[in-house]
Amino acid sequence: MNASRVLVVGAGIAGLALARALCQRGIIAEVVERATDWQPSGTGLYLPANAVRALHELGIGPAATAHANPIGRQRLLNHRGRLLANIDLDRIWDGVGGCVAIQRAALHEALRQATAEVPVRLGTSVTDLEIGGAPQVTFSDGSTGSYDLVVGADGVHSTIRNLALGGPPANYVGQASWRFLARLLRHHRLDGHAG
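Residues numbered from 1 in each chain as written. Predicted model: local features only at pLDDT ≥ 70, side-chain atom pairs only at ≥ 80, totals over all residues. Heavy atoms only, no water.

1. Examining the overall build of the protein chain
The following threshold applies: The helix count covers DSSP runs of H or I at least four residues long, the strand count covers runs of E at least two residues long, and both are numbered beginning at the N terminus. Relative accessibility decides the category of a residue: with a 1.4 Å probe and only protein chains considered, values under 20% of the type maximum give buried, values over 50% give exposed, and everything between is partly exposed. In this description, contact between two residues means that some pair of their heavy atoms is separated by no more than 4.5 Å.
Regarding its fold elements, the protein chain presents six helices and twelve strands. Within the protein chain, the proportion of its 195 residues that are buried is 30%. Taking the intrachain contacts of the protein chain between residues at least 6 apart in sequence as the baseline, contacts between residues at least 24 apart amount to 63%.

2. Considerations on the packing of aromatic side chains
Each aromatic ring pair is described using two quantities: the centre-to-centre distance and the angle formed by the ring planes. The following threshold applies: Side-chain rings of Phe, Tyr and Trp (the six-membered ring for Trp) are treated as a pair once their centres are within 6.5 Å; stacked means planes under 30 degrees apart, edge-to-face means over 60, and tilted covers the remaining angles. Working rule: Lys NZ or Arg CZ, within 6 Å of ring centre, within 35 degrees of ring normal, means a charge sits over the ring.
With the rule as written, the count across this model stands at zero aromatic pairs. For Arg5, the ring lying beneath its charged end belongs to Tyr147, and the centroid distance is 4.5 Å. When the ring centre of Phe139 is taken as origin, the NZ or CZ atom of Arg121, which lies over that ring, is 4.3 Å away.

3. Some remarks on the sheet that holds strand β10 (residues 136-139)
How we decide: Pairing between strands requires that DSSP locate at least two bridges from one strand to the other. Between the N-to-C directions of two axes lies an angle of 0 to 180 degrees, each axis being a line fitted to C-alpha atoms and, for a helix, fitted only over the stretch in contact.
Taken together, three strands build an open sheet; the order of strands is β9-β10-β11 and the sheet is antiparallel. Unpaired on one side and paired on the other, β9 (126-130) and β11 (144-146) mark the two borders of the sheet. Across the sheet, the mean angle from the axis of one strand to that of its neighbour is 20 degrees, orientation sign disregarded. Across four bridges, the pairing between β9 and β10 is antiparallel. Bridge pairing links Leu129 to Val137 in β10.

4. Considering helix α5 (residues 104-114)
For α5, the set of buried residues is Arg104, Ala106, Leu107, His108, Ala110, Leu111 and Ala114. Against the buried residues of α5 lie α1 (13-24), β3 (44-47), α2 (49-57), α3 (61-65) and β7 (99-103).

5. Here's the deal with the sheet that holds strand β4 (residues 68-71)
Strand pairing in a sheet relies on backbone hydrogen bonds, with the paired strands running either antiparallel or parallel. Pairing within the open sheet is antiparallel, and its three strands lie in the order β3-β7-β4. Single-partner strands in this sheet number two, and they are β3 and β4. The mean angle between the axes of side-by-side strands here comes to 25 degrees, regardless of whether they run parallel or antiparallel. Two elements, β4 and β7, share four bridges in a ladder whose sense is antiparallel. Bridging across to β7, Ile71 finds its partner in Cys99. α2 contacts β3 and β7 of the sheet and is inclined by roughly 95 degrees relative to β3. In this fold α5 packs onto β3 and β7, with an angle of close to 90 degrees to the strand it touches most, β7.

6. Let's talk about the pattern of salt bridges
Counted only if it meets this: By salt bridge we mean one thing: a side-chain nitrogen of Lys or Arg within 4 Å of a carboxyl oxygen of Asp or Glu.
Counting across every chain of the model gives five salt bridges. The closest approach of N and O atoms between Glu30 and Arg5, which form a salt bridge, is 3.7 Å. One end of the pair, Glu30, is in strand β2 (residues 29-33); the other, Arg5, is in the segment before β1 (6-9), and 25 residues separate them in sequence. Classification of Glu30 by relative accessible area gives buried; the value is 16%.

Here you go:
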């Protein structure tokens, strides 16, 4: 499909990455974001090598990885701290690239700069979507639009998913991922002396 008018709903990592990919193909998307200002939430992200390679394909690899830390090993522990696996990431991803840890805000900013020519309407959400034929969209500011493609990149509680598919809202399934940012102290021995 060679869409000429694309609406991306959500200006987070996924929405801006899609907008960048469309721009690279000569398709300028319109992006709407319900937040009223640029304040990305979340802390750190682990990007495996295939995600880093995708950032390079989007042309923002150097800008993003300049603010990232390489991750060469991954240790998996159970709830008591017992080692379950010690993974050599460089060996697993050999030929693909390196894995990195990055602050979500840094990745979001690199995507924002790469999509500066894409029109983004902050403080705007979709209130109605008609999908028979070309999608017809009504926005929270009362404006309307007709698009060739509407993409919902508006998170786990997606308005677009609800308007297009209906059904029950997403619910918690009992899994959680704990992430935090920690300062890397280089050459520090356990006895307190610099090494």
